[in-house]
Amino acid sequence: MAYREKRKMVAMLLAGGQGSRLGVLTNKVAKPAVPFGGKYRIIDFPLSNCVNSGIDTIGVLTQYQPLELNAYIGSGQPWDLDRQNGGVFILPPYVKGKSGEWYKGTANAIYQNINFIDLYDPDYVLIISGDHIYKMNYQYMLNEHIKREADCTIAVLQVPWEEASRFGVMNVDHELRITEFEEKPENPRSNMASMGVYIFNWDKLKEYLVRDENDTESQNDFGKNLIPSMLLNGENMYAYEYKGYWKDVGTIESLWEANMDLLEHNAPIELDDPPWRIYSRSANMPPQYIGKDAILINASISDGCNINGTIENSILFPGVKVEAGASIKNSILFSGVVVKENAVVDHSILAEDAVVNFRACIGQTKRNEVNDGSPKITVVAQNTVIEAGAVVFAGESVEGNVSREVKA
């Protein structure tokens, strides 16, 4: 095989997840393509992290509802990845003969793309997920990997003990050498959670990928199979402790919380920080218009918005229209949403091109419902029309045309 220009490290970005816990938001798009923060998509974060870390060859592994994600990435120009040698590559499951073979798991997805990685003959391979919000310099992690002569390095962060059972957890010694890996343990003995960011020596990873593929009992998953197998065989494996902001936005609640974090006075993550910008493919739209009677309180308003109502503690994507008397609070409105006169939207996520008609109410608490302190997030699917005067209650998820007859 003729190699292309050799790379020290190639990144493989797992972006094929269905994101079923995001409900109607991922009916038509893959989770990494879900909008975030006013003008971004979730996948902008790992792509920008790669570019800012000096990684210029990235394979994006797609599977579920890939059309919008593929179109969004395009040639990779917004991230400076439209290169003659290297750049960004969309890698769907391979077709063999007359049939295709879906990616069976995260390890199988990389296995199916061994030939792509070999084209660049890398010393190291970075495996990352396309569904986390964070800013990280992967070069620092690689430096530690090389210094320790590791076979595998796994990025970890300390999570609250009560949340540790939701993650793959690392038990480590005083040098951060991994002694045990537990996948979502019921009674965790450590709160060092895996971030789903791995660096492997390519020759070692390839050996284990082939071995895992030939194991008929394997689920072909990094966390469940490949990493435990390496640990069992005594490979040199270390944790890399990350201390910055990181959010898994795999649920409606965590997606809403991560957006709301951006509105804090001292936001825990800065998206337009010049040394480490998050790049995106933003649509060219006219400037925002704020009417004379509009009221804005702690709001993020994107280009192309036309605002005549009240916006409080909310994020509006490009092209949103809010008419006079309408009230938007604690909510996220994706591109093209229209909220008509005197409508109310609270603690909600409205997907692209949803329409909320005159005096409709989204996110209303039911009568006699006891509030436990954590808000229930209401979700309105793409292109949904909420009819005039209709009520959608807190925590509901709706799509299609919604009239007054929403169940109480």
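Rules behind the numbers
Residues numbered from 1 in each chain as written. Predicted model: local features only at pLDDT ≥ 70, side-chain atom pairs only at ≥ 80, totals over all residues. Heavy atoms only, no water. Helix = DSSP H or I, 4+ residues; strand = E, 2+ residues; numbered from the N terminus. Buried < 20%, exposed > 50% of the residue type's maximum accessible area, 1.4 Å probe, protein only. Contact = heavy atoms within 4.5 Å. Areas by Shrake-Rupley, 256 points an atom, 1.4 Å probe, with all protein chains shown as cover. Lys, Arg positive; Asp, Glu negative; His and termini not counted. Charge placed at Lys NZ, Arg CZ, Asp CG, Glu CD. Polar contact = N/O pair within 3.5 Å; in protein donor to acceptor, adjacent residues only side chain to side chain. Phe/Tyr/Trp six-rings, centres within 6.5 Å; stacked < 30°, edge-to-face > 60°. Lys NZ or Arg CZ within 6 Å of the ring centre and 35° of its normal. Pairing = 2+ DSSP bridges. Core = buried A, V, L, I, M, F, W, Y, C linked by side-chain atoms within 4.5 Å. Salt bridge = Lys/Arg side-chain N within 4 Å of Asp/Glu carboxyl O. Axes fitted to C-alpha atoms, helices over the stretch in contact; angles between N-to-C directions. Parallel < 35°, antiparallel > 145°, perpendicular 65-115°, else oblique. Left-handed = near helix turned anticlockwise from the far one by under 90°. Nonpolar A, V, L, I, M, F, W, Y, C, P; charged D, E, K, R; others polar.

A. A look at the overall build of the chain. Per the secondary structure count, the chain includes 8 helices and 34 strands. C-alpha extents for the chain along the principal axes are approximately 65 × 50 × 45 Å. Counting over 408 residues, the chain shows a buried share of 55%. Long-range contacts, defined here as pairs at least 24 residues apart, represent 59% of the contacts in the chain between residues at least 6 apart. Summing over all exposed atoms, the chain offers an accessible surface of approximately 18400 Å²; the carbon and sulfur share of this is 46%. A distance of 3 Å separates the average location of the 38 positive side-chain charges in the chain from that of its 53 negative side-chain charges.

B. Quick look at the side chain of D131. Here D131 shows up in the loop between β8 (124–129) and β9 (132–134). Here K31 takes part through its side chain, which lies 2.9 Å from a polar atom of the side chain of D131. A polar contact of 3.4 Å, which involves the side chain of D131, links it to the side chain of H132. In contact with D131, not counting residues within four places along its chain, are K31, I42, K247, D248 and V249.

C. A look at the packing of aromatic side chains. Inspection of every chain in the model, using the stated rule, returns 12 aromatic pairs. Ring pairs connect the aromatic residues F36, Y40 and F45, which therefore count as one cluster. Its end group placed over the ring of Y72, R41 keeps NZ or CZ at 5.0 Å from the ring centre. The ring of Y208 is capped by R211, whose NZ or CZ atom sits 4.5 Å from the centre of that ring.

D. A look at the sheet that holds strand β25 (residues 338–339). Within the open sheet, the 7 strands sit side by side as β16-β19-β22-β25-β28-β31-β34. Their pairing is parallel. With one partner strand each, in any of the chains shown, β16 (289–290) and β34 (401–402) form the two edges of the open sheet. By the bridge criterion, 2 bridges tie strand β22 (residues 321–322) to β25 in an arrangement that is parallel. Note that in β25 the partner of K321 across the bridge is V338.

E. Molecular detail of the nonpolar core. L47 and L126 are the most contacted members of the largest nonpolar core, which has 71 residues in total. By residue number, the principal contributor to this core is helix α8 (residues 252–261), which donates 5 residues. Once residues within four sequence positions are removed from consideration, L47 is found in contact with L13, I58, V60, I73, W79, L81 and V88. Among the nonpolar cores identified, the runner-up in size contains 37 residues, and Y120, C152, I178 and M230 belong to it.

F. Local environment of unusual backbone geometry. Residues other than glycine seldom take positive phi values, yet N298 does so here, at roughly 50°. Looking at the element boundaries, N298 is found in the loop between β17 (295–297) and β18 (300–301). Positive phi is not limited to glycine here, since N342 has a value of about 60°. What makes N342 partly exposed here is its relative accessible area of 38%.

G. Inspection of the pattern of salt bridges at higher detail. A complete count under the given rule lists 15 salt bridges for this structure. Between K6 and D123 there is a salt bridge, and its shortest N-O distance comes to 3.4 Å. Here D123 lies in the loop between α4 (114–118) and β8 and K6 lies in the segment before β1 (9–14), a separation of 117 residues in the sequence. You can call K6 partly exposed: its relative accessible area is 44%. For K147, the salt bridge identified is with E144, shortest N-O distance 3.4 Å. Within this pair, K147 and its partner E144 are both found in helix α5 (residues 138–147), separated by 3 residues, close to a single helical turn. Using a relative accessible area of 60% as the deciding quantity, one classes K147 as exposed. Put simply, E5, R7 and D56 are held in one network by salt bridges that share partners.

H. View of α8. The buried count for α8 comes to 8 of 10 residues, which makes it a mostly enclosed element. Check the buried side of α8 and you find it contacts β2 (35–36), β15 (246–248), β21 (315–316), β24 (332–333), β27 (348–350) and β30 (378–380).

I. Region of interest: the packing of helix α6 (residues 202–213) against helix α7 (residues 222–232). Following both chains from N to C, one finds α6 and α7 inclined at 120°, their axes separated by 10 Å at the closest point. Taken together, the axes of α6 and α7 are oblique relative to one another. α6 and α7 meet at a crossing whose hand is right-handed. Residues K204, L205, Y208, L209 and D212 of α6 lie in contact with α7, whose contacting residues are F222, N225, L226, S229 and M230. Of the residues in the contact of α6 with α7, the class split is 6 nonpolar, 2 polar and 2 charged.

J. Structural detail: the sheet that holds strand β23 (residues 327–329). Taken in spatial order, the 6 strands line up as β17-β20-β23-β26-β29-β32 in an open sheet, and their pairing is parallel. Two strands close off the open sheet at either side, each with one partner strand: β17 and β32 (391–393). Sheet twist, expressed as the average angle between the axes of neighbouring strands with direction ignored, equals 10°. As paired elements, β17 and strand β20 (residues 310–312) share 3 bridges and run parallel to each other. Across the sheet, I297 pairs through a bridge with E312, a residue of β20.

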